[in-house]
Amino acid sequence: MKSKSRLVWLLKPLIALSAALSFCQLASNSATNTSDPTPRLNEAQMDKAWIGPIVDGENKTVRPEAMIKVDDSLYFLDPDSIYQVGISSLHRSDKIVVNRFTPAGNRIEWLPIAEFNNFVYYPPRKSIVILDKSGDLFEFTLPDKKWHVFRAFKSIGSKPDPDYVDLACNGTSICLLDPERNQIWLSKPGNAPMQTSFHEVLPWRVQPGDVFVGDGIAMSIVDYPYVLKYNGNIVRYSGSKDNPEQKLIWKGLKKMRPSRMTMSNESPIYIVERENNRVLAVDKETGNTKQFTFPGKSDLRGVLAQSYGFWIIDGDKLIYRSLKAGAKPSSLFNPKRIDPRLDGLQLPISGVRLPRHAGVFPGARRLYRFGVHKGVDFFSETGCTTHVVYGTKVMSADGGKVTRADAHFRDMSPSKYLKVEQECHKTHQSSEVNEDLFRGCQVWVDHGNGLLTRYAHLSKIKDGLKSNDFVEAGTLLGYVGVSGTGENPSGKLIHPHLHFEVWLDGKYLGWGLNPAETRGVYEDIFGVGCKR
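Just so you know, these numbers come straight off a predicted model, no measurement behind them.

Cut-off values and rules
- Here the residue numbering is sequential within each chain, running from 1 through the sequence in written order.
- Only residues with pLDDT of at least 70 are given local features in this predicted model, and only at 80 or more are side-chain atom pairs given and counted; all residues enter the totals for whole chains, interfaces and linings.
- Heavy atoms from the whole structure form the basis of all side-chain values; hydrogens and water molecules are not counted.
- Helix and strand assignments follow DSSP, with helices taken as H or I runs no shorter than four residues and strands as E runs no shorter than two, numbered in order from the N terminus.
- Three exposure classes are used, based on accessible area relative to the maximum for each residue type with a 1.4 Å probe and protein chains only: buried under 20%, partly exposed in between, and exposed over 50%.
- Note on contacts: a residue pair qualifies if any of its non-hydrogen atoms lie within 4.5 Å across the two residues.
- Computed with a 1.4 Å probe, the accessible areas rest on the Shrake-Rupley method; for each residue, only the protein chains presented here act as cover.
- By the convention used here, strands pair only if DSSP detects at least 2 bridges between them.
- Fitted lines through C-alpha atoms serve as axes, helices being fitted only where they are in contact, and the angles separating the N-to-C directions of these axes extend from 0 to 180 degrees.
- By definition here, a helix of n residues has an expected span of 1.5 Å times n minus one.
- Picture the helix axis, draw a direction to every C-beta atom, and the arc is the one those directions span.
- A pair of aromatic rings is counted whenever rings of Phe, Tyr or Trp (Trp by its six-membered ring) have centres within 6.5 Å, and the orientation is called stacked for planes under 30 degrees apart, edge-to-face for over 60 and tilted otherwise.
- Consider the ring centre and the ring normal. A charge sits over the ring if Lys NZ or Arg CZ is within 6 Å of that centre and within 35 degrees of that normal.
- Put simply, buried Ala, Val, Leu, Ile, Met, Phe, Trp, Tyr and Cys residues joined by side-chain atoms within 4.5 Å make one nonpolar core.

**Q** Can you lay out the overall build of the protein for me, pointing to particular residues and giving the numbers?
**A** The helix and strand inventory of the protein stands at five helices and 39 strands. Counting across all 532 residues of the protein, residues that qualify as buried make up 57%. Partitioning the intrachain contacts of the protein with sequence separation of at least 6 by distance along the chain shows that 61% fall at a separation of at least 24. Put simply, the protein shows about 22700 Å² of open surface, and 51% of that area lies on carbon and sulfur atoms.

See below:
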C-alpha cells in the first residue's frame, strides 16, 4: 500500500483543479494552473498512481460509468444512482467512500427510470442533468439533493424519433447529440419545444457539404460543439443555423475504437478507447497526439480532464496519468479481454454481420413502448451474403439447454396490440409482461454460467423443438418473422427481422454501457459490420 504522503502528492492535481470538469461549465472556469504538481513518474510507476476501490456507505463496491467535478466534490454515475465524495477527503485512505443518491421506487416524480446513460453539470440551476437511455432527462439539484424531471421524452411528430446518445451543456441549454436525425438539440427544463442547431437533413439525405453528425458517438462543448465520430474523427461545428460550418479537427488513427470524449478549456481532447485499453490526448489547435496504454484487464470509462493530465475510472478505481508521460501513438496497445463466457458465440444467422446502424443495438431508445432496446436487430443489409427475409433460418449462438420454445404461439390481434401500446404510453414504460408481448414468438437458450440468449420476432420455431432440449451451436431454432411488431395481424411484412438478445448474470449485454461501448463489446464477440 502506498504511504499517505505519496497518495496526497498524487491527488494534488485533482484537489487543485479549479476549472470545471465538463465542457458545459465554461462560465465557472477560473485562472489556469499551468504548473504540473505531479511527481515525475516513469511508466512503471504510473501504473501505481491509483486510488480505490470505490465503495458506498455499506462498503459495497461501486463501478461508475462516468464522473464529473462540481466545486469541491466528485460525482459518479451508474445505471440507477449518483454518488458524491468530497475531494478533500480523498487523501485520508486508499478507499473512496461515496455518498449514494438513488431515486425512491425507481422513479423520479411521475416518471420511471429505465437506465442512466451519462450526466453533465447545469450551472443555471446548480444541478446535474442525467440522460436516461429511454431519452428522458432527469435532474439532481445540488443545494437540496433533490430529484426532478428535467424533460420527458416524447415524439416530435415525424419519423424517425430522436435517439440521444450523449449530452453536453453550452452554459444555458442542455445539448443532445442525435445521430438518428442528424441533429444536435438544445433543451431547457419543462415542455417548451426544443431548438435545433442545424436545418434538418436526415442522415440518408445528406449531400456533400451538409452538416453530418449521423455517425457521432460523443460530444463535448468548449465554445463550440466537438463531435467524436465512430471512426475516431473529431469535427467542430460552428457558425449559425443558417450558415453552419464543420471543420475536421483531428483524423482518427487506424484501428481506433473510440467510446468516450471529454475536454475542458485548458485541457487537450481526451478520447477513451475502452476496447483498446487506450486514452489519446489530442491538442485542440495542433492535433498533436499522445497515447496512454492500460493493461488488457482494464475497464476504462469516464475521464476527468485536466491541462496537465487526467484521472480515469478503471472498474472500481481511479487512475491518474500525467500528460508528460504520454507516448507517441502507435499500434502497440492491449486490446480488452472479453468475458470468457462470451468467447465462441456465433451470429444467429449464417452469412450476416453486425448491423451498421447504431439504433438497432442494445441500449437504443424504443419510443413506441417507452423502453430500451435490449438486443440486436438483424435486417437485410447490403454487403452481407445472406438477405434476411421472412423465413430465414435462425440458429443457436452456442450450445445449451432450451428454456423456452413458443411452439403454439398466437400473436396479438390488432386491438390487443393497440391496447398494449396505449398502456406503455400511459405508464411511460414497458412492463416486463408487455415487453415480452412485443418480442413475439421466441426461443430462449441457457448456455450455463449465467449466459442466456433469446431469439425473438420469429415466424415460427423449428418443428419438434421444446423446452429442456439440448442444442449445439448452429442448431436450427426457428425462422425470421415479424411477430410482436404489429405487422402480423394486418398481413403486412414490411420489416421482417431477428431480434437477438444476449444476457449475462441477469442483465442484458450492454446494461451499464453507453452506446459506443455496447457496440464495442458486440464487435469483440462477433466482428465488425457488413461491408458498405
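**Q** Please give an account of the sheet that holds strand β17 (residues 195–196) that cites residues and values.
**A** The strand order across the open sheet formed by four strands is β14-β15-β16-β17, and the pairing between neighbours is antiparallel. Both outer strands of the open sheet, β14 (166–169) and β17, are each paired with one neighbouring strand and no more. Judged from the five bridges that link them, strand β15 (residues 174–178) and strand β16 (residues 183–187) form a sheet pairing that is antiparallel. Residue pairing across strands places Cys-175 opposite Leu-186, the latter belonging to β16.

**Q** Run through the sheet that holds strand β25 (residues 289–293), naming residues and quoting values.
**A** Here four strands make up an open sheet; going across it, the order is β22-β23-β24-β25 and the pairing antiparallel. For this open sheet the edge positions go to β22 (260–262) and β25, each flanked by a neighbour on one side alone. Sheet twist, expressed as the average angle between the axes of neighbouring strands with direction ignored, equals 20°. Strand direction decides the pairing type here: β22 and strand β23 (residues 269–273), joined by three bridges, are antiparallel. In the strand pairing of β23, Arg-260 is matched with Val-272.

**Q** Pulling in residues and values, what's your account of helix α3 (residues 414–427)?
**A** Along its 14 residues, α3 runs 20 Å from first to last C-alpha, staying within 8% of the 20 Å computed at 1.5 Å per residue. Burial in α3 covers these residues: Tyr-417, Val-420, Glu-421 and Cys-424. In an axial view of α3, the angular spread of the buried residues amounts to 95°, which keeps them on one side of the axis. Residues of α3 that are exposed and point over 90 degrees away from its buried face: Ser-415, Lys-419 and Lys-426. The elements touched by buried residues of α3 are α4 (432–439).

**Q** Tell me about the environment of Phe-153, residues and numbers included.
**A** Relative to the elements of secondary structure, Phe-153 occurs in the loop between β13 (146–151) and β14. Leaving out residues up to four positions away in the same chain, Phe-153 has contacts with Ser-134, Gly-135, Asp-136, Pro-162, Tyr-164, Arg-365, Leu-367, Phe-370 and His-428.

**Q** So, the pairing of strand β35 (residues 451–461): which residues are in play, and what are the values?
**A** Within a regular strand, the side chains alternate between the two sheet faces. Within β35, nine of the 11 residues are buried, which leaves the element mostly enclosed by the surrounding structure. As paired strands, strand β34 (residues 441–448) and β35 are joined by six bridges and run antiparallel to one another. Bridging across to β35, Trp-444 finds its partner in Arg-454. Remark: two residues form the turn of the hairpin made by β34 and β35, two consecutive strands paired antiparallel; Asn-449 in that turn has positive phi of roughly 55°. In this sheet, strand β38 (residues 498–504) lies alongside β35 in antiparallel orientation, the contact comprising six bridges. Each bridged residue has a counterpart across the sheet, and for Leu-452 the counterpart in β38 is Trp-503.

**Q** Which residues make up the packing of aromatic side chains, and what values go with them?
**A** Per the stated rule, a full pass over the model turns up 17 aromatic pairs. Connected via pairs of aromatic rings, a cluster forms that spans Phe-361, Phe-378, Tyr-455, Phe-500, Tyr-522 and Phe-526. Lying over the aromatic face of Tyr-479, Lys-460 brings its terminal NZ or CZ to 5.6 Å of the ring centre.

**Q** Could you give an account of the nonpolar core, naming the residues involved and the relevant values?
**A** Counting residues in each nonpolar core, the largest one holds 36 residues, and the members touching the most others are Phe-378, Val-443, Tyr-455 and Leu-498. Listed by contribution, the elements that provide at least two residues to this core are β31 (376–378), β33 (400–405), β34, β35, β37 (476–480), β38 and α5 (515–526). With residues up to four places along the chain from it excluded, the contact list for Phe-378 reads Leu-347, Pro-348, Ile-349, Val-352, Arg-353, Leu-354, Pro-355, Val-388, His-497, Leu-498 and Phe-500. One finds Leu-111, Ile-113, Phe-116 and Trp-147 within the second-largest nonpolar core, a separate group that totals 21 residues.

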